[in-house]
Amino acid sequence: MLREIRPAILILILLTLITGLAYPLAMTAIAGVIFPKQAQGSLIEKDGKVIGSSLIGQEFKDDKYFHGRPSATSAPDPADSTKTVPAPYNAANSGGSNLGPTSKALNDRIKDDVEKLKAENPTASVPVDLVTTSGSGLDPDISPEAALFQVPRVAKARNMPEDQVRQLVTANSQGRLGGLLGEPRVNVLALNLALDRVAAK
């Protein structure tokens, strides 16, 4: 019986070594050579200090900064470990809210967000990505329309001309990959860093 089982055991060990060890190590090494920045997490530095990643969003609340999409991620409640509390862009707990279109809590939250945004810029329609969360809760990008919607607030908070802020949005907008894949987008962290650089001059 051992004679019949031995080939199966050897194949299992061999495939485990190839697919579980050799292949991942080879892909990691190749990625490190071809895409060194991305392989290290697409980290963004300011004054020699890592302040974030271009792949994971951050929460900006101050009026002088562009805001990203809402995030539904959470973390354990420090006061009661059986409950959770909102923790926007918590990379350790990526996920959506799992609330559907018939959810009263979701509809109330979106209604409140739309009203706040309309008060901020009453002449423009509210872009959908400023009131809806992404599936991961970590989306670092917003649409160019969502960034342009926020221009009046940011310009007023920084005492800058709206045209100058609008030009920054345009300069930091990225198109579809190869002109085909994805949607036009603006990385919120990169845009806010560019804004800080211009304001510091």
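These numbers were taken from a predicted model, which means no experiment stands behind them. (Residues numbered from 1 in each chain as written. Predicted model: local features only at pLDDT ≥ 70, side-chain atom pairs only at ≥ 80, totals over all residues. Heavy atoms only, no water.)

**Looking at the pairing of strand β1 (residues 43-46)**
Sheet topology places β1 next to strand β2 (residues 49-53); four bridges connect them, and they run antiparallel. Paired with Lys46 across the two strands is Lys49, which belongs to β2. Hairpin remark: β1 followed by β2, antiparallel, with two residues in the connecting loop; positive phi at Asp47, about 55°. (Pairing = 2+ DSSP bridges. Helix = DSSP H or I, 4+ residues; strand = E, 2+ residues; numbered from the N terminus.)

**Some words on the packing of aromatic side chains**
Under the criterion given, the structure shown has one aromatic pair. Centre to centre, the rings of Phe60 and Tyr65 are 5.5 Å apart; their planes meet at 45°, and the pair counts as tilted. For the pair formed by Phe60 and Tyr65, the shared burial category is buried. Across from the ring centre of Tyr65, 4.9 Å away, lies the NZ or CZ of Arg158, which sits over that ring. (Phe/Tyr/Trp six-rings, centres within 6.5 Å; stacked < 30°, edge-to-face > 60°. Buried < 20%, exposed > 50% of the residue type's maximum accessible area, 1.4 Å probe, protein only. Lys NZ or Arg CZ within 6 Å of the ring centre and 35° of its normal.)

**Things to note about the pattern of salt bridges**
Scanning all chains against the criterion turns up 11 salt bridges. Here Arg158 makes a salt bridge to Asp196, at a shortest N to O gap of 2.7 Å. Remark: Asp196 occurs in helix α6 (residues 188-200) and Arg158 occurs in helix α4 (residues 144-158); sequence separation between them is 38 residues. One exposure class covers both Arg158 and Asp196, and it is buried. Taken together, the salt bridges that share partners define one network made up of Lys46, Arg158 and Asp196. (Salt bridge = Lys/Arg side-chain N within 4 Å of Asp/Glu carboxyl O.)

**Side note on the packing of α4 against α6**
Each pair of packed helices gets described by two things: the angle between the helix axes and the distance between those axes. Viewed as axis vectors pointing N to C, α4 and α6 meet at an angle of 30°, and their least axial separation amounts to 13 Å. Judged on the interaxial angle alone, α6 and α4 are roughly parallel. Handedness of the α4/α6 crossing: right-handed. Of the residues in α6, those in contact with Ala147, Val154 and Arg158 of α4 are Leu191, Leu195, Asp196 and Ala199. Across the contact of α4 with α6, the residue classes break down as five nonpolar, no polar and two charged. (Axes fitted to C-alpha atoms, helices over the stretch in contact; angles between N-to-C directions. Parallel < 35°, antiparallel > 145°, perpendicular 65-115°, else oblique. Left-handed = near helix turned anticlockwise from the far one by under 90°. Contact = heavy atoms within 4.5 Å. Nonpolar A, V, L, I, M, F, W, Y, C, P; charged D, E, K, R; others polar.)

**So, the side chain of Thr73**
The residue Thr73 is located in the loop between β2 and β3 (74-77) in this model. A distance of 3.2 Å separates a polar atom in the side chain of Thr73 from a polar atom in the side chain of Ser71. Of the polar contacts made by the side chain of Thr73, one reaches the backbone nitrogen of Tyr89; its length is 3.0 Å. Residues within four places of Thr73 in sequence aside, it is in contact with Pro86, Ala87, Pro88, Tyr89, Asn90, Asn93, Ser94, Gly95, Ser136, Gly137 and Leu138. (Polar contact = N/O pair within 3.5 Å; in protein donor to acceptor, adjacent residues only side chain to side chain.)

**With respect to the pairing of β3**
By the bridge criterion, four bridges tie β3 to strand β4 (residues 80-86) in an arrangement that is antiparallel. Its bridge partner lying in β4, Ser74 is registered against Pro86. Hairpin connection, β3 to β4: the antiparallel pair is bridged by two residues.

**Side note on the confidence of the model for the protein**
On average, residues of the protein carry a pLDDT of 90, and 100% of them reach 70 or more. Mean pLDDT values over the elements of the protein span from 84, in β4, up to 96, in strand β5 (residues 141-142). (pLDDT = per-residue confidence, 0-100.)

**Some thoughts on the domain arrangement of the protein**
Its domain assignment divides the protein into domain 1 (1-40) and domain 2 (50-200). The gap between the C-alpha centroids of domain 1 and domain 2 is 39 Å. (Domains from an automatic or database assignment.)

**Concerning unusual backbone geometry**
Phi angles above zero are rare outside glycine, and Asp47 is one such case at about 55°. When you line up the elements, Asp47 lands in the loop between β1 and β2. Even without a glycine there, the phi angle at Tyr89 is positive, about 60°.

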